[in-house]
Amino acid sequence: MNSLKDKVAVSTDAKYVILGASGNTGSIIADSLLSKGKKVRVVGRDAGRLQRFVRQGAEAFTGDMNDAAALTKAFSGARAAYLLLPPITSREDQERESDAIAQAVTDSGLGYAVYLSSYGAQVPEGTGPVTGLHSSEQKLNSIGGLHVLHLRAAYFMENNLMSISMIQGMGMFGHALLPDLKLPMIATRDAGDYAAQRLLNLDFSGKQTRELLGERDLSMAEATTIIGRGIGKPDLRYVQFSYDQVQQVLEQTGMTPKKAAVYIEMFKAMNAGVLAAQEPRSRENTTPTSFEQFVQDVFAPAYHGMARTA
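What counts and how
Residues numbered from 1 in each chain as written. Predicted model: local features only at pLDDT ≥ 70, side-chain atom pairs only at ≥ 80, totals over all residues. Heavy atoms only, no water. Core = buried A, V, L, I, M, F, W, Y, C linked by side-chain atoms within 4.5 Å. Buried < 20%, exposed > 50% of the residue type's maximum accessible area, 1.4 Å probe, protein only. Contact = heavy atoms within 4.5 Å. Helix = DSSP H or I, 4+ residues; strand = E, 2+ residues; numbered from the N terminus. Lys, Arg positive; Asp, Glu negative; His and termini not counted. Salt bridge = Lys/Arg side-chain N within 4 Å of Asp/Glu carboxyl O. Polar contact = N/O pair within 3.5 Å; in protein donor to acceptor, adjacent residues only side chain to side chain. Axes fitted to C-alpha atoms, helices over the stretch in contact; angles between N-to-C directions. Parallel < 35°, antiparallel > 145°, perpendicular 65-115°, else oblique. Left-handed = near helix turned anticlockwise from the far one by under 90°. Nonpolar A, V, L, I, M, F, W, Y, C, P; charged D, E, K, R; others polar. Arc of directions from axis to C-beta. Pairing = 2+ DSSP bridges. Right-handed = clockwise from strand over helix to strand, strands pointing away.

Here we take up the nonpolar core. Core analysis: the biggest nonpolar cluster contains 58 residues, and Leu19, Val42, Phe75, Tyr82, Leu83 and Val105 have the highest contact counts within it. Once residues lying within four places of it in the same chain are set aside, the contact partners of Val105 are Phe75, Leu83, Leu110, Leu140, Ile143 and Leu146. Formed by 45 residues, the second largest nonpolar core is a distinct cluster that contains Tyr119, Leu183, Tyr263 and Leu275.

Among the structural elements, Glu158 can be located in the loop between strand S8 (155–156) and helix H6 (164–170). It is Arg189 that comes nearest to the buried, bridge-free Glu158 among opposite-charge side chains, at 6.7 Å. At 2.9 Å, the side chain of Glu158 forms a polar contact with the side chain of Thr188. With sequence-adjacent residues up to four places away left out, Glu158 is seen in contact with Asn24, Ile186, Ala187, Thr188 and Phe294.

The phi dihedral of Leu202 falls on the positive side, at around 45°, and the residue is not glycine. Locating Leu202 in the fold gives a position in the loop between helix H7 (188–201) and strand S11 (207–212). By relative accessible area, Leu202 is classed as buried at 14%.

The geometry of helix H9 (residues 243–252) relative to helix H10 (residues 257–271) is characterised by a closest axis approach of 9 Å and an angle of 140° between their N-to-C directions. The angle between H9 and H10 falls in the class oblique. Once H9 is placed against H10, the crossing between them reads as right-handed. Side by side, H9 and H10 meet where Tyr243, Val246, Gln247, Leu250 and Glu251 of the first sit next to Pro257, Ala260, Ala261, Tyr263, Ile264, Phe267, Lys268 and Asn271 of the second. Within the contact of H9 with H10, the residues separate by chemical class into 9 nonpolar, 2 polar and 2 charged.

Turning our attention to the environment of Arg45. Mapped onto the elements of the fold, Arg45 is located in the loop between strand S3 (40–44) and helix H2 (47–54). With 20 residues separating them in the primary sequence, Arg45 and Met65 have C-alpha atoms 8.4 Å apart. Those residues in contact with Arg45 that sit more than four places away from it in its chain are Thr62, Gly63, Asp64 and Pro86.

This part takes up H9. One turn of the α-helix equals 3.6 residues, which is why residues spaced by three or four share an orientation. Listed in full, the buried residues belonging to H9 are Val246, Gln247 and Leu250. Across the axial projection of H9, the buried residues extend over an arc of 105°, all falling on one side. Turned more than 90 degrees from where H9 packs its buried face, Asp244 and Gln252 sit exposed. Those residues of H9 hidden inside the fold are in contact with strand S9 (173–175) and H10. Positioned one or two residues after H9, Gly254 has a phi angle of 110°, which is positive.

A few words on the sheet that holds strand S12 (residues 217–218). What the 3 strands build is an open sheet, ordered S8-S10-S12; its pairing is mixed. Single-partner strands in this sheet number two, and they are S8 and S12. As paired elements, S8 and strand S10 (residues 183–186) share 2 bridges and run parallel to each other. Opposite Tyr155, over in S10, you have Met185 as the bridge partner.

On to the pairing of S3, then. Burial runs high along S3: 5 of the 5 residues are buried. Every second residue of S3 is oriented toward a common face, with Val40, Val42 and Gly44 on one face and Arg41 and Val43 on the other, all of them buried. With 4 bridges connecting them, strand S2 (residues 16–19) and S3 associate as parallel partners. Bridge pairing links Tyr16 to Val40 in S3. Where the polypeptide runs from S2 across helix H1 (residues 24–35) and back to S3, its parallel neighbour, the crossover connection is right-handed. The pairing of S3 with strand S4 (residues 59–62) spans 4 bridges and is parallel. Its bridge partner being in S4, Val42 is matched across the sheet by Ala60. Assessed by its sense of winding, the connection that carries the chain from S3 through H2 to S4 is right-handed.

Below, the structure is given as structure tokens:
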């Protein structure tokens, strides 16, 4: 296991670098590229979680996303990379991380990148964590010679997993989002599959964006009904909470008040229609996994697994 902190020269035969390789999307991409015999360098903070990729032939590096010199080593010798920001801790951290990534891309001379952004990232401010993705897109767009595809993914279906303890403890699904607001929702595996294919093809040039809008738009009320059926609770209901109530719930899960407020800003932007998709739905930006399939494959097993361990 090499460390990004090591002064040892990095081998230059890796073709693809995957940031966040042990995460929901990065793991899909790493597995896909490795299964096709590609040379892959996986990057993450936890060496242990990278070992399964090493067993498949990947080269592993551990390090922080805000260390530009370390990331420059990770990108050295690569033709293309999958880029993302870690889950937000603060807007200030987002800026430090996107600065480091952009600096490393520049210093390493990386040629191609697929960047995981979000729908709504065209809006420069007032969208919570998505504001940081807008900023990061702009930094990458300013790098001459870099071909970058910004994947503006829809609301992740996996975000709904946070409701499991509430459903088990209170018998309902509560959130700040309007009950009938239609949202594009995507399974993270579909975002990973799409990114992997574009990395394999390298069929983009300059600075491009592509929204990924999931299988269809759904409201929270509709999603709750599907979840209820999938977990054997057909009477499960959705309740819209006030922003103050959601702030309290987020803080109870361990978020700092400042971090929770960033998410509240995003929910307000979604309810107001400020954070919204721009592309008309098409064959190109629609992905295969339905919410029903997600509930069957991911949500229900997680729900019943937590029930067994409670």
